[in-house]
Structure formats: structure tokens, C-alpha cells
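Now for the letters of each chain:
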Amino acid sequence: MPLTSHRRLVVSATLIAALAAGVAPATSASAAAPQAPAVPKTADTAPAPDMEGVVAALNAAMANGAPGAMARFSGPGGVQSRAVGVRDRVNGTPMDVRSRFRIGSVSKTFSTVVLLQLVQEGRLTLGSPVNTYLPGLLPDDRITVRHLLTHRSGLADYTDPMFANTVPGFESVRNRVFGYQELVDLSLALPRTTEPGVSYKYSNANFVVVGMLIEKLTGRPVADAYQRRIFKPLKLRDTSYVHPETRIAGRHVRGYLYPDAAGDPLVDSTEQTVSWAQSAGAVISSPADLNTFTKALMRGRLLSPAMMDAMTTVTPTDATNTRFYGLGLRRYDLSCGAQVYGHTGTVQGFYTYAFSTRDGKRSLSAMANSSNRGAVNTALGGTLEAAFCGKKPAAATASRADRDFSSLPAERDLPERR
């Protein structure tokens, strides 16, 4: 059989398997037909990164209120890093791209990798009810493992009421240590957001349950699974999961939380347990380690081809036809046609972007050290367009300008009021 025909059969079989596993076809942004993983651009046709544009995006994040920002791009031409502003407002220490920081919901991709490895090992299946493995945990047997990973379970996000008042809410949990069950109970006390599988609704509760599944199936803390399955094999020396410890070891960035009332002083939110998130958002990392992680993931070093196909089969998260979600993984379609996979992260004091092309040849990680400031998050997202699309022509076409990812408000991984 010719190689091209064989590839067509493999792709068709993958799509049939994904649909058979319970991804319902639909026609709207809230419940749309899944898109199969795209054929990536080759490095030969990829534009060179526009590092001036990356710096402009970092400076825009600062102009909108971040004390500092940084980005690291890795591609066929090598590594290029940029940093602006400060990582510590008190002593004025310049931002340093070698520093660690809290990556927030980028942690969800780490958790997903661990769970999909367990699927590969035959310990669970994506289409099975969560209650099969955690009997009686959820009030609806229709909620499957896949629904958790795709944010289609209908479980309410307990962080909405928790952080309804941003700074008081944060201070009430800064040093608190939650059990997983406490967080699930907070979610179950709220109305469900959708019927299982019907539509996308982002919820941190989904990945709390993912953490519970990991610990139930391995018999070990989630920290152990991260370390043995991801951190150690990839030699991620700056990446850790220290819950419920509050400090970030070594050289690190200090994060600053904006209060809801304009003019109130920023709150240093660096030290906290992040127990309110745990497997949904408590990992600490660095730009270099995030580049290594997303590249390794896309190159198939962590998951089988079948699992990667499942992970990168996406459905829309809004009506722009540029934003999608797979299994614990976002896909963003940029103005130049590039498609990048990864995740965004928000945790008090930090915004993060960590994305790679599907072939793993180009990756970008970016961070700004503030939160509850949506304009900062949106500005930071401009690093993606600059890094993966390169310099824009002097007279950009109208169609490209209309689809410029940088012009869209950032997606929120955590409730924010400003």
C-alpha cells in the first residue's frame, strides 16, 4: 500500500475512534464538531520570529500594569529570550528569563499527560464514567473522564464565588490547605453549568477530579506522578509541585495581584499554598522548562500517537474560530495560519502562555507578573503572533488584520474583576 494511502487510513481510523468514544457532533461554538489534528507547517516554510514584536507585546503588558514580563522562543534557529521590567517591585531586581514562577492553569496540561499515560497503561478509559473509578463522587454517572479533560462535565467552577472579591478571596485561602473532597463539595454546592458533554464551560473543578483520579489509580500523591512521569524524564530542573508549601525556591519572580478597586495598592501574592487549585494550577516552572515540556509533548516523547491524536482533537471555545480545546490542551489559530498547542495560565500575580507548533519545532513561553488585570493578559498574548507569525507586511491584508489573535481579549482561566 502506498505510504500516503496508509496515512489517510490512519487519520480516518483515528477520527472514527474519537467519535465513537463519545464526542458528540454539533454545529455551534458551544458544542461544535471536533476538528482532527492539522498537518503542521514545516520549519522550512515557517517565518522567523519577530523578536521586536515580542518585545512590543511585553512592553504593552507593562504599559497596562505589569511590573515586568518575559518570553523565551525556541526554534530551528536557536533560543531567543527577552525580558522587560522588574521581577521584584521592592528592590527593583530586573526581570530574568531564568527565573521560576507559578504557571497556573498550564498545570492542567501536566495533569492531563499523567492521566493519559494511565489510559495507555489500561488503568482507565476516557469514555468511562468518573464514578467507575471514584464511586459515588459525582451525582451524575453520565460524567466521563473525557468530559473532565474537555471541560464538558457541567461541574461548576467553585473559584467563581471564592474570588468574587479578588483580594479578600485570595487572602482567605492564601495559607489554607484544602482536601480534594472539600473542593469538589464546593463545586457540587453550585448549580451545574451544562448537561454532560453538551458544551464547553471552563471549570477548575474538572482538574481537581483529575488529580483525585491520578492519586486513586497510582496510590501516590500527584506530586510523585509529576516527578516520575514528566519532571525527571524531561530533566525539568526548575519545575516543581510543592503543595502545600508556600515558597518558590531559588531565583524566582514575585507576583502582584491587582485589587478590584482602581487605585488600591498591588498585593504581593507570591507566597501561597495554591491549595485552592492543586492539580488544576499549582505547578511552578521556568520559561526554559516550559519550552522543553511543550516541545517534548508535541514530539510524542510523553504519549503514544493515539493519545496525541485524542489530545489534539479540538472543539471551539468561542465564536471566533481561532480558539479551541482538546484534552487539557488549547489550540490557537493565528493570523498567518499557524496553529499552536499549549495552555494559558492565571494564578494570583502571574499570567502565563506556553505553546508549541504541532511538530514541536517551535515553542514560546511568556509570563507577566500581575493578575486581575485583563489588559495585561491580552497584551501578553501578542507574543504568540509575533513569535509564530513573524513580521507583518507593512500593509497587512484586511483578512489577516481581522483574524489577528492579538486583537482578541484573553481567555480567562480564573475569575477576574478588572
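As a convention, each chain's residues are numbered from 1 in the sequence order in which they are written. Only residues with pLDDT of at least 70 get local features here, since the model is predicted, and only at 80 or more are side-chain atom pairs given and counted; chain-wide, interface and lining totals rely on the full set of residues. Only heavy atoms go into the side-chain values, all of them from the structure, while hydrogens and water stay out.

Caption draft 1: A look at the pattern of salt bridges. Counted as salt bridges are all cases of a side-chain nitrogen of Lys or Arg within 4 Å of a carboxyl oxygen of Asp or Glu. Counted according to the given criterion, the structure contains 20 salt bridges. A salt bridge links R330 to D413; the nearest nitrogen and oxygen atoms lie 2.7 Å apart. Remark: D413 occurs in the segment after α13 (398–402) and R330 occurs in strand β9 (residues 330–333); sequence separation between them is 83 residues. Overall, R330 belongs to the buried group, its relative accessible area being 1%. Segments assigned H or I by DSSP are reported as helices when at least four residues long, segments assigned E as strands when at least two residues long, and all are numbered from the N terminus. Note on exposure labels: buried denotes an accessible area under 20% of the residue type's maximum, exposed denotes more than 50%, and partly exposed covers the range between, all computed with a 1.4 Å probe on protein chains only.

Caption draft 2: Summary view of the packing of aromatic side chains. Only Phe, Tyr and Trp rings are paired, with Trp represented by its six-membered ring, and only when their centres lie within 6.5 Å; those with planes under 30 degrees apart are stacked, over 60 edge-to-face, the remainder tilted. Considering all chains together, one arrives at nine aromatic pairs under this definition. A ring pair is formed by Y226 and Y241, whose centres lie 5.2 Å apart and whose planes are at 70 degrees; its orientation type is edge-to-face. Placement of Y226 in helix α9 (residues 222–231) and of Y241 in the loop between α9 and β4 (256–257) is noted, with a sequence separation of 15 residues between them. The class of Y226 is buried, set by a relative accessible area of 0%. Overall, Y241 belongs to the buried group, its relative accessible area being 11%.

Caption draft 3: Structural context of the sheet that holds strand β7 (residues 315–316). Here the rule is simple: two strands pair whenever DSSP picks up at least two bridges between them. On the basis of which strands lie adjacent, the open sheet formed by eight strands has the order β2-β1-β12-β11-β10-β9-β8-β7 and antiparallel pairing. Of all strands in the sheet, those with a lone pairing partner are β2 (78–85) and β7, marking the two edges. As judged from the eight bridges shared by strand β1 (residues 68–75) and β2, these two strands associate in the antiparallel manner. Bridge pairing in β2 places G68 opposite G85.

Caption draft 4: Seen up close, the nonpolar core. Remark: nonpolar core denotes a set of buried residues (Ala, Val, Leu, Ile, Met, Phe, Trp, Tyr, Cys) joined through side-chain atoms within 4.5 Å. Ranked by size, the top nonpolar core spans 78 residues in total, and within it F110 and W276 carry the most contacts. Per-element accounting of this core gives the leading share, nine residues, to helix α8 (residues 204–218). In what follows, a contact means two residues having at least one pair of non-hydrogen atoms within 4.5 Å. Aside from chain neighbours lying at most four places away, what touches W276 is Y158, T159, M162, F163, V173, F178, L183, V347, Q348 and L414. With 28 residues, the next largest nonpolar core counts Y332, V340, L384 and F388 among its residues.

Caption draft 5: How the structure looks around the pairing of strand β12 (residues 363–368). The element β12 is largely enclosed, with a buried count of six among its six residues. Alternating residues of β12 divide into S363, S365 and M367 and L364, A366 and A368, and every residue in both groups is buried. Sheet analysis places β1 next to β12, joined by six bridges and oriented antiparallel. Bridge pairing in β12 places A71 opposite A366. As defined by bridge partners, strand β11 (residues 350–357) adjoins β12 across six bridges and the pair is classed as antiparallel. Counted as the bridge partner of S356 is S363 from β12.

Caption draft 6: Up close: the sheet that holds strand β5 (residues 267–268). Spatial strand order, β5-β4-β13: three strands in an open sheet with mixed pairing. What marks the edges here is a single partner per strand, and that holds for β5 and β13 (370–371). Here β4 pairs with β13 via two bridges, running parallel. Looking across to β13, one finds that L257 is bridged to S371.

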